[in-house]
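Descriptive structure summary
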2 protein chains.
Amino acid sequence: MNSAEKGRATINDVAAKAQVSKKTVSRVINNETNVKQETRERVQQAMSDLNYFPSLSARSLASKRSYLVAMLYFDLHAHYLHQLQSGLLDHFSTRGYSLLLHPCEGDNDTILQNLERKARYMNIDGFVLVPPLVHMSSLVSLLKQLDKPYVRIAPKEEHDGFSEVLCNDEQAAYELTQHLIQKGHRQIGFVKGAADCLAASKRYDGYLRALKTHHLPLDPTLVFEGDYDFTSGVAAGQHLLSLVRRPTAIFCSNDNMAAGVLNVAHAKGLSVPNQLALAGYDDSPLAQQIWPALTSVAQPGRKMAEVAANKLIDKIENIENAEYPQNIGCDIKYRASTQSELSLASLVEPA
Amino acid sequence: MNSAEKGRATINDVAAKAQVSKKTVSRVINNETNVKQETRERVQQAMSDLNYFPSLSARSLASKRSYLVAMLYFDLHAHYLHQLQSGLLDHFSTRGYSLLLHPCEGDNDTILQNLERKARYMNIDGFVLVPPLVHMSSLVSLLKQLDKPYVRIAPKEEHDGFSEVLCNDEQAAYELTQHLIQKGHRQIGFVKGAADCLAASKRYDGYLRALKTHHLPLDPTLVFEGDYDFTSGVAAGQHLLSLVRRPTAIFCSNDNMAAGVLNVAHAKGLSVPNQLALAGYDDSPLAQQIWPALTSVAQPGRKMAEVAANKLIDKIENIENAEYPQNIGCDIKYRASTQSELSLASLVEPA
DNA sequence: CTGTTAGCGCTTTCAC
DNA sequence: GTGAAAGCGCTAACAG
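Throughout the structure, instances matching the rule amount to 20 salt bridges over all chains. K333 of chain A is the salt-bridge partner of D331 of chain A, the closest N and O atoms lying 3.3 Å from each other. For R95 of chain B, the salt bridge identified is with E317 of chain B, shortest N-O distance 3.7 Å. Note that R95 of chain B is positioned in the loop between α5 (79–94) and β2 (98–103) and E317 of chain B in the loop between α13 (301–316) and β11 (327–328), a separation of 222 residues in sequence. For R95 of chain B, a relative accessible area of 28% puts it in the partly exposed group. Classification of E317 of chain B by relative accessible area gives partly exposed; the value is 31%. In the salt-bridge network here, residues are joined through shared partners; they are R95, D314 and E317 of chain A.

The structure is reproduced here in structure tokens:
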């Protein structure tokens, strides 16, 4: 009884059935050239006849590649991270890799130890880092020392143009701020995101640029330091909506914080958008589920994931000269929360 | 130059350094008994001196076990699924397994083919099925045929007491409905979840039981068939809030749908909770981010994940007689959306 | 309690 | 274009 009959065919069974050497079967499996078309077909026939599947562990052991990649993250909850996860999963699997999720938790040393152990144990071929981990330099050093390729999503520094993926937050924030200005708003509040985050500062930059373009002064009292959390949005709302010169519009660096501001507005009996225009960022499901629906910026999470996956695999497989989109555009979703015109908005300008 | 010096120590290097056979090293790696304490320590010392890590692919190939498990899911977005994912990740990794995410998409055949391919290619040791996949019988058959253990989260049928993990939705829905009744509500609307889902029917059962206990008649016009989606919540709101005998309270089978109802209430100018009490299910972040904050049931997602992970690994490792919690309890979060008393609620009863 | 032998199923290297 | 031999790093089965 050969192994095929025992339920699992091996490369030897296929080789025997196709009357070739197992090396030839291996060539077919790996889509190598240098196999005559006729031979290739015979092998493929044998594989399907025997219901053959190669064994990952055997090829990993022999080839010293695992076909495993890991996504390194911290605090996976945001809509954005979820989008990335799902996009990475898609594109890695398309190219024959499996995605491992590696949450980085605990203190610095714990994180590094766990990662090294897992990376070496599983011989992980490459890594995708997502914010805010992207900025953990000891982690990046470890990856370099492990000598495995990695790609970073939206890192703040050290751009080499090949190992990171960026999107155009600045432009989106600019356009959204401009939209508010065009609706007649002059007092536009801004709620910042976490300080160590590239996206946060790019969004703020876009806001500033729009003000400048339209010759509006920056009023520092209208800028609130948030941290992307709902509760910091509540704090922002309490602060901004209690000002004597209350803003007529508030742009939040994410939807969670916008929801916080919105709660305060509701509690104060302020009508949105008539007395307060409100915009968020992320276009999370929340944006459509709160009332009124929130104008928000949809980040190209899945597109970024696609680019990240392909960049990483190209590195792993030493494919050079590939072209990738540089600064992936965002998509603004205009909804009810900003859809009121100057006349209404001006009503609430403090006398 | 031995392999240790080339950057990666192998079991042979450890064996040589510790002056034992590699089988003994293997015993230490696998925490087997039958190793003298002194020997064990010598081996451990050698491992750490050489910065040795075993190789997963080598042990998989030799042992025919991959230490890989997969979570089979469809449509991973709900807060609940995310909780499960994160809990599974935790507990599998604690016990030395890595979790693979396997989204099941496409038509029936595609799903089965992809799963079989991946399962056999990676030699996955076990599977966790989460709703609604739990009810896909062809998938369950495939798993049986693959002869690998699986655990199902909240399946509708075929309970064997060992391969599924349940939580007590019925009781939670009962208690929450009772809470509404005690607030004075007599016209309590109910928005059902997806019909093929065990949890959905258990929640409805709890609602019915509470009505019965309190001798309230079931009014079928107050029961709306939703599908867990936000838009079905909007539809439910439009229907229920247009009734002549409008409900004074609505219990939705999840938070998304409650948010939909809430939007309609806002649009109709109905004040929540004063004119309408509203409750959801899942205790997703949304529940705290909408206004007013939503009373909701927190499912024990992480606890269920823990039980599922341990059940599955025990099956994989043939550990018997372990005890597991049977019907894991839910936790009701009472918030503003139901915090008004009879007197107020009765105000809005149509004349 | 420890060691020996023989693979696991594939790829690598090199030969033809 | 194809094949033979060697070996990846570990565990299984058995022996002692």
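This part takes up the packing of helix α1 (residues 11–18) of chain A against helix α2 (residues 22–29) of chain A. Residues and elements named next belong to chain A. Remark: α1 packs on α2, axes separated minimally by 8 Å, with the N-to-C direction vectors making an angle of 105°. When the axis of α1 is compared with that of α2, the two are roughly perpendicular. Across the interface between the two elements, I11, N12, V14 and A15 of α1 pack against K22, V25, S26 and I29 of α2. Classifying every residue of the contact of α1 with α2 gives five nonpolar, two polar and one charged.

Here the focus is the relation of the copies chain B and chain A. Superposition of chain B onto chain A requires a rotation of 180° combined with a translation of 0.0 Å along the rotation axis, giving an RMSD of 0.1 Å. Those values place the two copies in the arrangement expected of a two-fold rotation axis. The position closest to the rotation axis in chain B is occupied by the C-alpha of S57 of chain B, lying 2.2 Å away. An overlap of 100% is found between the interface residues of chain B and their copies at the interface of chain A, pointing to a shared contact surface.

Turning next to the protein's contact with DNA strand C. Near DNA strand C, the surroundings consist of 26 residues, among which I11, K22, K23 and S26 of chain A together with T39 of chain B are the closest. For DNA strand C, the backbone portion of the atoms within 4 Å of the protein, that is sugar and phosphate, comes to 63%. In the model, a phosphate oxygen of DNA strand C is placed 2.3 Å from a nitrogen or oxygen of the I11 of chain A main chain. K64 of chain B places a polar side-chain atom, nitrogen or oxygen, 3.0 Å from a sugar or linking oxygen of DNA strand C. Among the elements of the structure, α2 and α4 (56–63) of chain A together with α2 (22–29) and α4 (56–63) of chain B are those that each provide at least two residues to the surface near DNA strand C. At four residues, the largest contribution of residues to the surface near DNA strand C is made by α4 of chain A. When the residues that make up the surface near DNA strand C are grouped by side-chain class, the tally is 10 nonpolar, nine polar and seven charged.

Among the nonpolar cores identified, the biggest contains 112 residues, and L139 of chain A together with L139 of chain B are the most heavily contacted of them. If sequence neighbours within four positions are ignored, L139 of chain A has contacts with L72, C104, I111, L112, L115, L129 and L133 of chain A. Counting 56 residues, the second-largest nonpolar core is a separate cluster that includes A265 and L276 of chain A together with F230 and V272 of chain B.

In the predicted model, chain A carries a mean pLDDT of 91, and 94% of its residues have values of at least 70. Note that residues 342–351 of chain A has pLDDT below 50 and, in this model, 15 contacts with residues that lie over four places away or in other chains.

All names here are of chain A. Read from one edge of the open sheet, four strands run β7-β6-β8-β9, paired in parallel fashion. Of all strands in the sheet, those with a lone pairing partner are β7 (223–225) and β9 (277–279), marking the two edges. Averaged over all pairs of adjacent strands, the angle between their axes in this sheet comes to 15°, without regard to strand direction. Note: strand β8 (residues 249–252) against β9, three bridges, orientation parallel. Looking at β9, one finds that I250 is bridged to L278. Sitting on the sheet, helix α8 (residues 169–182) touches β6 (188–192), β8 and β9, and the angle it makes with β8 is about 170°.

Right, let's talk about the interface of chain B and chain A for a bit. With 44 residues of chain B at the interface, the matching set in chain A holds 44 residues. Taken over both partners, the interface formed by chain B and chain A buries close to 4,000 Å², and the fraction arising from carbon and sulfur atoms is 58%. Considering only the surface of chain B that becomes buried against chain A, R120, Y121 and Q289 of chain B emerge as the three largest contributors, covering 20% of it. Taken together, the connections running from chain B to chain A amount to zero salt bridges. Put simply, chain B and chain A have 11 residue pairs in polar contact (both at pLDDT 80 or more) between them.

Once that is clear, we can look at the environment of K23 of chain B. Relative to the assigned elements, K23 of chain B resides in helix α2. In sequence terms K23 of chain B and A62 of chain B are 39 residues apart; their C-alpha atoms lie 13 Å from each other.

Cut-offs used in this document
- Residues numbered from 1 in each chain as written.
- Chains lettered and ligands numbered in written order.
- Predicted model: local features only at pLDDT ≥ 70, side-chain atom pairs only at ≥ 80, totals over all residues.
- Heavy atoms only, no water.
- Salt bridge = Lys/Arg side-chain N within 4 Å of Asp/Glu carboxyl O.
- Helix = DSSP H or I, 4+ residues; strand = E, 2+ residues; numbered from the N terminus.
- Buried < 20%, exposed > 50% of the residue type's maximum accessible area, 1.4 Å probe, protein only.
- Axes fitted to C-alpha atoms, helices over the stretch in contact; angles between N-to-C directions.
- Parallel < 35°, antiparallel > 145°, perpendicular 65-115°, else oblique.
- Contact = heavy atoms within 4.5 Å.
- Nonpolar A, V, L, I, M, F, W, Y, C, P; charged D, E, K, R; others polar.
- Least-squares fit on C-alpha atoms with pLDDT ≥ 70 in both.
- Near = heavy atom within 4 Å.
- Polar contact = N/O pair within 3.5 Å; in protein donor to acceptor, adjacent residues only side chain to side chain.
- Core = buried A, V, L, I, M, F, W, Y, C linked by side-chain atoms within 4.5 Å.
- pLDDT = per-residue confidence, 0-100.
- Pairing = 2+ DSSP bridges.
- Buried area = accessible area lost by both parts, 1.4 Å probe.

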